[in-house]
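Structural overview
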Amino acid sequence: MIKYPSGIIVPPKKTKPMTRATTAANRGMGLEHDINLSNRHYNELGRALITKRPTPINVVKVDYSKGARITDAYFEKQSTTDYNGIYRGKYLDFEAKSTLSKSSFPLSNVSSHQFAHLENVLVQGGLAFFIVQFVNLGQTYLLPARDVIEYRKSAARQSLPLAFFKERGCLIEEGYAPRLDYLKAVEKLFFSR
């Protein structure tokens, strides 16, 4: 709920269900946009410095006839996770994912090298987590990477049920600024224990 100073209360907007034309490649763009807005808000307030990690590419050919436009490039190496930064003196690193499922999150959406990277962050004492948006439910959760990694190693099932997110994670509040108040979930899951 957004509570305006005049006393008006606006319920959260229901997320529009995705159409079949949406591909897995662009499915998380809305989530990333919301996280980027939130990160900008946190930075402006001096609460945290969290940035989107760029995908490393090697440019092969550039067309300068209409400005500098990359016409041929390839991925230099595998990317690690989507975001990293610092909050309350702690390094944090996380992956943001979206799913169309209303009941579970497929672990196949996360690459093995991303799991390995998050495990290394944990070994070094950093905060590692996932932000997963259930698009058709209009719900976004923050889930500690340690829980996901342990589940992946021990469970026969290849997806995390929604109940696991509700039990081990934290529902992220939506609002105006920040758009997704995920630092409140970080506080609850990492600093209140």
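This text gives an overview of the structure that appears in the document. Here the structure is a predicted model, which is why all the values come from computation and not from measurement.

**Overview of the environment of Ala128**
Its place among the elements puts Ala128 in strand 9 (residues 127–134). Remark: the alpha-carbon pair of Ala128 and Leu143, spanning 15 residues in sequence, is separated by 8.9 Å. Beyond its immediate sequence surroundings of up to four residues, Ala128 is in contact with Asp93, Leu118, Val121, Leu122, Pro144, Ala145 and Phe190.

**Here's the deal with the side chain of Asp34**
By the element assignment, Asp34 lies in helix 1 (residues 29–45). Note on Asp34: relative accessible area 13%, which makes it buried. Not counting chain neighbours up to four residues away, the residues in contact with Asp34 comprise Arg179 and Leu180.

**Brief notes about the environment of Ser111**
Take Ser111: it is sitting in the loop between strand 8 (104–106) and helix 2 (112–123). Residues Ser111 and Ser79 lie 32 residues apart in sequence; the distance between their C-alpha atoms is 9.8 Å.

**Observations concerning the pairing of strand 7 (residues 90–99)**
Of all ten residues in strand 7, eight are buried; the element is thus mostly enclosed. Between strand 6 (residues 83–87) and strand 7, which pair antiparallel in sequence order, lie two residues; one of them, Arg88, sits at a positive phi of approximately 50 degrees. Note: strand 7 against strand 9, eight bridges, orientation parallel. Bridge assignment links Thr99 to a residue of strand 9, and that residue is Phe134.

**Some details on the nonpolar core**
Judged by nonpolar contacts, the single largest core of 22 residues is most densely connected at Ile35, Phe94, Ile131, Leu142 and Tyr182. Those elements giving two or more residues to this core turn out to be helix 1, strand 3 (48–52), strand 6, strand 7, strand 9 and helix 5 (182–191). Here this core gets five residues from one element, more than from any other, and that element is helix 5. In this structure Ile35 touches Tyr83, Phe94, Ala96, Ile131, Leu180 and Tyr182, once residues within four positions along its chain are discounted. With 21 residues, the next largest nonpolar core counts Leu122, Ala128, Val132 and Tyr141 among its residues.

**A closer look at the sheet that holds strand 6**
Sheet architecture is open: six strands sit in the order 3-6-7-9-10-12, paired in mixed fashion. At either margin of the open sheet sits one strand with a lone partner, and together these are strand 3 and strand 12 (170–171). Alignment of strand 10 (residues 139–144) against strand 12, held across two bridges, turns out to be antiparallel. Paired with Tyr141 across the strands is Leu171, a residue of strand 12. Those strands touched by helix 5 are strand 3, strand 6, strand 7, strand 9, strand 10 and strand 12, and its axis lies near 130 degrees from that of strand 9.

**Topic: unusual backbone geometry**
Backbone torsion omega between Ala177 and Pro178 reads 0 degrees, so that peptide bond is classified as cis. Topologically, Pro178 is positioned in the loop between strand 12 and helix 5. One non-glycine residue, Arg88, lies in positive phi territory at about 50 degrees. Positionally, Arg88 belongs in the loop between strand 6 and strand 7.

**Quick word on the pairing of strand 10**
Among the six residues that make up strand 10, five are buried, leaving the element largely enclosed by the rest of the structure. With six bridges connecting them, strand 9 and strand 10 associate as antiparallel partners. What sits directly across from Phe129, in strand 10, is Pro144. The hairpin turn running from strand 9 into strand 10, its antiparallel successor, is four residues long, and Gly138 in that turn takes a positive phi close to 70 degrees.

**Regarding the packing of aromatic side chains**
By the definition in use, this model includes 13 aromatic pairs. An angle of 90 degrees between the planes, with centres 6.4 Å apart, marks the rings of Phe105 and Phe165 as edge-to-face. Of this pair, Phe105 sits in strand 8 while Phe165 sits in helix 4 (residues 162–168), placing them 60 residues apart in sequence. Residue Phe105 is classed as buried on the basis of its relative accessible area of 2%. Measuring from ring centre to ring centre gives 6.0 Å for Phe129 and Phe190, while their planes differ by 45 degrees; the resulting arrangement is tilted. Remark: Phe190 occurs in helix 5 and Phe129 occurs in strand 9; sequence separation between them is 61 residues. One aromatic cluster in this structure is built from Tyr42, Tyr83, Phe94, Phe129, Tyr182 and Phe190. The ring of Tyr83 is capped by Lys52, whose NZ or CZ atom sits 5.6 Å from the centre of that ring. The cationic tip of Arg88 hangs over the ring face of Phe191; the distance from NZ or CZ to the ring centre is 4.1 Å.

Reading the values: rules and limits
- Residues numbered from 1 in each chain as written.
- Predicted model: local features only at pLDDT ≥ 70, side-chain atom pairs only at ≥ 80, totals over all residues.
- Heavy atoms only, no water.
- Helix = DSSP H or I, 4+ residues; strand = E, 2+ residues; numbered from the N terminus.
- Contact = heavy atoms within 4.5 Å.
- Buried < 20%, exposed > 50% of the residue type's maximum accessible area, 1.4 Å probe, protein only.
- Pairing = 2+ DSSP bridges.
- Core = buried A, V, L, I, M, F, W, Y, C linked by side-chain atoms within 4.5 Å.
- Axes fitted to C-alpha atoms, helices over the stretch in contact; angles between N-to-C directions.
- Phe/Tyr/Trp six-rings, centres within 6.5 Å; stacked < 30°, edge-to-face > 60°.
- Lys NZ or Arg CZ within 6 Å of the ring centre and 35° of its normal.

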